[in-house]
Amino acid sequence: MSEDKRILTLENRVSMLEKEVAFLKTKALENERVKNGHVAFEEKEKGVIVEQKDTNIAVSLEPIMINKPTVQVNPEHAPATPSKSKKKEVDWEKLLGQVWLPRIFIFVLILGILWGFKAAVDSGFITEPIRVVLGMITAGVLIYLGEKQIKKNHEALGQVLLGGSVVIFILSTFAAHMLYGLIVPSIAFILNVLWVILGIYLSHRHNSQPISIIAAVAGFLIPYLVENKGDSTLFLVAYEVIFYLSLLKYALLKKFIYLYITSGGLLHISLLIMCVFPGDQIEAATVAIIVQHVFLLLTFLRKELFITAQKATLFTSFVLTQLWVGVGFADALYSSFLAIFFAVYTVLSYVYFGKNKEKLNITLPIATYALSMFLLDISKEEHIGLSFLIEGVIALYIGLAGKIKNQTIAGGLVYAVGVLLTAFDEIERFLSVETVAWLMMIVSLFTVGYVFKKFKLRIENKRFSYNSIINLLFGFTVFSILSFIVQVLDNKYEGVAVLLEGLIAFYIAVKQRLQNRVVVSAIVYVIGVTFITLNGIEEVISFETVAWISMLTSFVYMRKLSDNLNKFFEDTSGFLNILFGATAIYILVFITQLGAVATVSFSNNIQSLTISSFWAIYAIVGVVYGAIKRNKKIRLLGIGLLFLTLLKLIFIDMASISILVRAILFIGLGFIGVALSRFFYSNKKGE
């Protein structure tokens, strides 16, 4: 069969299938309408014959007749439309009566027994050995009752009774040893261990996680329930570690997630309490904590029973272990610990990269944290910010490139700390570590912004979006550059530098059509203008004069850029009017300062004549330029300047100048006014 015939055959088959689907869809709709009682009788006949050219293949669908009896449904007896599944209501009777009632009142029962027991003791009816025996009997009775309740399917009550029996066994042993001195420490220790083993057995027998947690609490308390003469610290620490490892193995075997988490926390608490007492327990306890973390890591590598809990536990364990090592070991050992575990987690991250993202999502952040703590330990104070900046940028890049959420967060936090440390470290000398750190921070801000754009990170948060982060980075970058300029440059030069920065940032923001960045850039630009304004002109030929000329030129360029603002701002008239007014005022201030500085060594007559002449020339240029450009605003500005010059002559200059200068000024100003009026008249006729 040729290629054309194959294509034609396929087209015919596709057409046939489309018609069959349409027919089946119609039939399904009819059946649905019949079920709802809206169809009385309906006939449908459809036939489709598909013939294939140059072939003997024909596919036909026979007409199908559908005769359905009339279905009449009384609206009053119509079947109810199934409503949306309602939220399952809480059975408060079951929750309170079967779950919480036994849990609470078992303690009430124990409290009552204890008070009754104390009353009998105070009366002298119960001796010390009898008290211990009664406690043991009570615990045995609770075991019997608990087993009986579980057989009756009262599991919650039965588990509470069994857990309570373990507690009473341990309390009775404690009383026999510590309160009454009936048994020696070794026997008390062995008995308590047996009670804990009993609790674990009951937990295993009934698959009960709460009983295992009760047994875990009791097991970690054993060292404090036995008299310690001070020479058994290592033995007790070893016991705590072995007991924890046993619980860890049992939790993994039974998949008890809460026991897995709780046992780890209980080890920290028990060892912390042990370190409160006098002695050298801190080093032994620190070693125990390191052993715990190593086994948690091995467990994490070998088994993935509850990966989320394992990841959280592993990271928390490392942070706590690092704190223990920092307190319990010397500085050299602390640095070695951080370096070794940084290497371990870096190797694991390399192994998992591209293979197991779930595990990489925790090994890489731990490596990042270990490195940051290592840098914090070995770096000098002035180098910490720079170190964190470099590490943060690299860690953030790895997280974004690999799309590793936790690593991105860890890298971002390290970088943020580096930025803050650098920002609060002022530059005292230009050639210094602080200057390098500031330059690195500014470069890194650009780098981080580029990285975010490159990998197009999407943050699913209504309050804090991807654009918010980019805008925040832009704003922080701009103000960081501003702060660097202020710290490094002299007051004479900082205004021009900040002005140039604001102008460049404004240009970029306008080209990118980003409103927030336009506002930030305008603020920086205004700060630069303010710096230049505060640095008045002291000599005609000076850097201040260049700064003022640069500022006035930038006004013109800002006006040109502002023509594009209406593309993404609704109303730009206010901004344009402010810019126009600022330009006019600053030109007037500039020429006034030039006139005053140029004639500072001359008399008042020459000063007034020079400044007034500059004002009048400014007015003439304004009127002529406005007429040429057909700009009414500029023409009115020129007229206003002319009247302003007249007011200056009347209220300021007249009292301090000679009559000859007064005559020259008034004649010149009058001639200019008349000439300009004729200019306006001629210009009006021309229009």
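None of these values were measured; they are calculated from a predicted model.

S.K.: In this structure, what is going on with the overall build of the protein? I would like to understand it.
M.R.: From N to C terminus, the protein includes 23 helices and 2 strands. Once local pairs closer than 6 in sequence are excluded, the contacts in the protein between residues at least 24 apart make up 64%.

S.K.: How should I be thinking about the packing of helix 9 (residues 281-302) against helix 11 (residues 331-352) in this particular structure?
M.R.: Helix-helix packing: each pair is described by the crossing angle between the helix axes and the interaxial distance. Where helix 9 meets helix 11, the axes come as close as 14 Å, and the angle between the chain directions of the two elements is 5 degrees. Our classification of the angle between helix 9 and helix 11 gives roughly parallel. Along its contact with helix 9, which presents I290, H293, V294, L297 and L301, the element helix 11 presents F337, F341, V344, Y345, L348 and Y352. Residues of the contact of helix 9 with helix 11, tallied by class, amount to 10 nonpolar, 1 polar and no charged.

S.K.: How do you make sense of the nonpolar core when you look at a structure like this?
M.R.: Considering soluble globular proteins, one finds that nonpolar side chains tend to be buried as a cluster. Residues L271, L314, F318 and Y345 are the most contacted members of the largest nonpolar core, which totals 73 residues. The biggest single contributor to this core is helix 7 (residues 233-254), with 11 residues. In this structure, Y345 is in contact with H293, L297, L314, F318, T363, I366 and A367, ignoring residues within four places of it in sequence. Core analysis: the second largest hydrophobic core is formed by 35 residues, A547, I611, A619 and L641 among them.

S.K.: Quick question: what am I supposed to make of unusual backbone geometry here?
M.R.: Excluding glycine, most residues fall at negative phi; most peptide bonds, likewise, are trans. Notably, N207 is not glycine yet its phi reads approximately 50 degrees, a positive angle. On the secondary structure map, N207 appears in the loop between helix 5 (185-206) and helix 6 (209-225). In this structure, K255 is a non-glycine residue whose phi angle is positive, near 60 degrees. The residue K255 is located in the loop between helix 7 and helix 8 (257-276) in this model.

S.K.: Even after reading the chapter, I still don't get the confidence of the model for the protein, so can you show me in this structure?
M.R.: The predicted structure's coordinates, where accompanied by low pLDDT, should not be read in detail. When pLDDT is averaged along the protein, the result is 79; 82% of the residues meet or exceed 70. With pLDDT under 50 throughout, residues 37-85 is counted as low confidence; its partners more than four residues away or in other chains account for 59 contacts. In the model, residues 459-464 has pLDDT below 50 throughout and makes 6 contacts with residues more than four positions away in sequence or in other chains.

S.K.: Please clarify how the environment of V414 should be interpreted in this entry.
M.R.: Looking at the element boundaries, V414 is found in helix 14 (residues 405-423). Given the relative accessible area of 9%, V414 is considered buried. Put simply, V414 and L396 are 18 residues apart on the chain and 8.7 Å apart in space, counted from C-alpha to C-alpha.

S.K.: Can you walk me through the side chain of R517 in this structure?
M.R.: Turning to its location among the elements, R517 is positioned in helix 18 (residues 515-534). The charged side chain of R517 is buried without a salt bridge, its nearest counter-charge being E501 at 13 Å. Those residues in contact with R517 that sit more than four places away from it in its chain are K453, I470, N471, F474, A509 and Q512.

S.K.: In this structure, what is going on with the packing of aromatic side chains? I would like to understand it.
M.R.: Working definition: an aromatic ring pair is given by the centre-to-centre distance plus the angle between the planes. Tallied over the entire structure, the rule returns 18 aromatic pairs. Seen in terms of ring centroids, F169 and W195 are 4.2 Å apart; in terms of plane orientation they differ by 15 degrees. Their pairing is stacked. Residue F169 is found in helix 4 (residues 155-179), and its partner W195 is found in helix 5; the two are separated by 26 residues along the sequence. Taking 5.8 Å as the distance between ring centres and 75 degrees as the angle between the ring planes, the aromatic pair formed by F318 and Y345 counts as edge-to-face. Residue F318 is found in helix 10 (residues 307-328), and its partner Y345 is found in helix 11; the two are separated by 27 residues along the sequence. Assessed through its relative accessible area of 0%, F318 is described here as buried. Connected via pairs of aromatic rings, a cluster forms that spans F315, F318, F337, F341, Y345 and Y369.

S.K.: Hey, could you run me through a nonpolar patch on the surface in this one?
M.R.: The grouping of V90, W92, L96, W100, L101, I104, F105 and V108 at the surface amounts to a nonpolar patch, some 830 Å² of accessible area in total. In this fold, V108 is placed in helix 2 (residues 92-122). Accessibility expressed as a relative area gives 45% for V108, which makes it partly exposed.

S.K.: Would you take a moment to explain helix 6 for this structure?
M.R.: Counting along an α-helix, one turn takes 3.6 residues, and residues three or four places apart therefore face a common direction. Its 17 residues give helix 6 an end-to-end C-alpha distance of 24 Å, which sits within 8% of 24 Å, the value for a rise of 1.5 Å per residue. The sharpest bend along helix 6 measures roughly 25 degrees and falls at G219, with the proline P223 sitting one to four residues further on. Within helix 6 the residues assigned to the buried category are Q209, I211, S212, A215, A216, A218, G219, F220, I222, P223 and L225. Elements that come into contact with the buried residues of helix 6 comprise helix 4, helix 5, helix 7 and helix 8. Its side-chain oxygen at 3.4 Å from the backbone nitrogen of I211, S208 defines the N-terminal cap of helix 6.

S.K.: Looking at this structure, how should I read the side chain of S172?
M.R.: Mapped onto the elements, S172 comes out in helix 4. The exposure class of S172 is buried, given its relative accessible area of 8%. Apart from residues no more than four positions distant in its own chain, S172 is found in contact with V132, G135 and M136.

S.K.: What is the right way to read the environment of I404 from this model?
M.R.: Within the secondary structure, I404 is located in the loop between helix 13 (384-401) and helix 14. For I404, a relative accessible area of 1% corresponds to the buried category. Spatially, the C-alpha atom of I404 lies 9.0 Å from that of E358, the residues being 46 residues apart in sequence. Those residues in contact with I404, other than ones at most four positions away along the chain, are F353, K357, L360, N361, L364, I398 and G399.

S.K.: For this particular structure, what's the right way to read the pattern of salt bridges?
M.R.: In total, this model carries 2 salt bridges according to the counting rule given. Across the pair R205 and E147 runs a salt bridge, and its minimum N-O distance is 3.2 Å. With R205 in helix 5 and E147 in helix 3 (residues 128-151), this residue pair connects regions lying 58 residues apart in the sequence. Assessed through its relative accessible area of 46%, R205 is described here as partly exposed. Note on E147: relative accessible area 14%, which makes it buried.

Definitions and cut-offs
- Residues numbered from 1 in each chain as written.
- Predicted model: local features only at pLDDT ≥ 70, side-chain atom pairs only at ≥ 80, totals over all residues.
- Heavy atoms only, no water.
- Helix = DSSP H or I, 4+ residues; strand = E, 2+ residues; numbered from the N terminus.
- Contact = heavy atoms within 4.5 Å.
- Axes fitted to C-alpha atoms, helices over the stretch in contact; angles between N-to-C directions.
- Parallel < 35°, antiparallel > 145°, perpendicular 65-115°, else oblique.
- Nonpolar A, V, L, I, M, F, W, Y, C, P; charged D, E, K, R; others polar.
- Core = buried A, V, L, I, M, F, W, Y, C linked by side-chain atoms within 4.5 Å.
- Buried < 20%, exposed > 50% of the residue type's maximum accessible area, 1.4 Å probe, protein only.
- pLDDT = per-residue confidence, 0-100.
- Lys, Arg positive; Asp, Glu negative; His and termini not counted.
- Salt bridge = Lys/Arg side-chain N within 4 Å of Asp/Glu carboxyl O.
- Phe/Tyr/Trp six-rings, centres within 6.5 Å; stacked < 30°, edge-to-face > 60°.
- Patch = residues over 30% accessible without salt bridge, like charges linked within 9 Å, V, L, I, M, F, W, Y side chains within 5 Å.
- Areas by Shrake-Rupley, 256 points an atom, 1.4 Å probe, with all protein chains shown as cover.
- Expected span 1.5 Å × (residues − 1).
- Bend = angle between axes of the 7 residues up to and from the residue.
- Polar contact = N/O pair within 3.5 Å; in protein donor to acceptor, adjacent residues only side chain to side chain.

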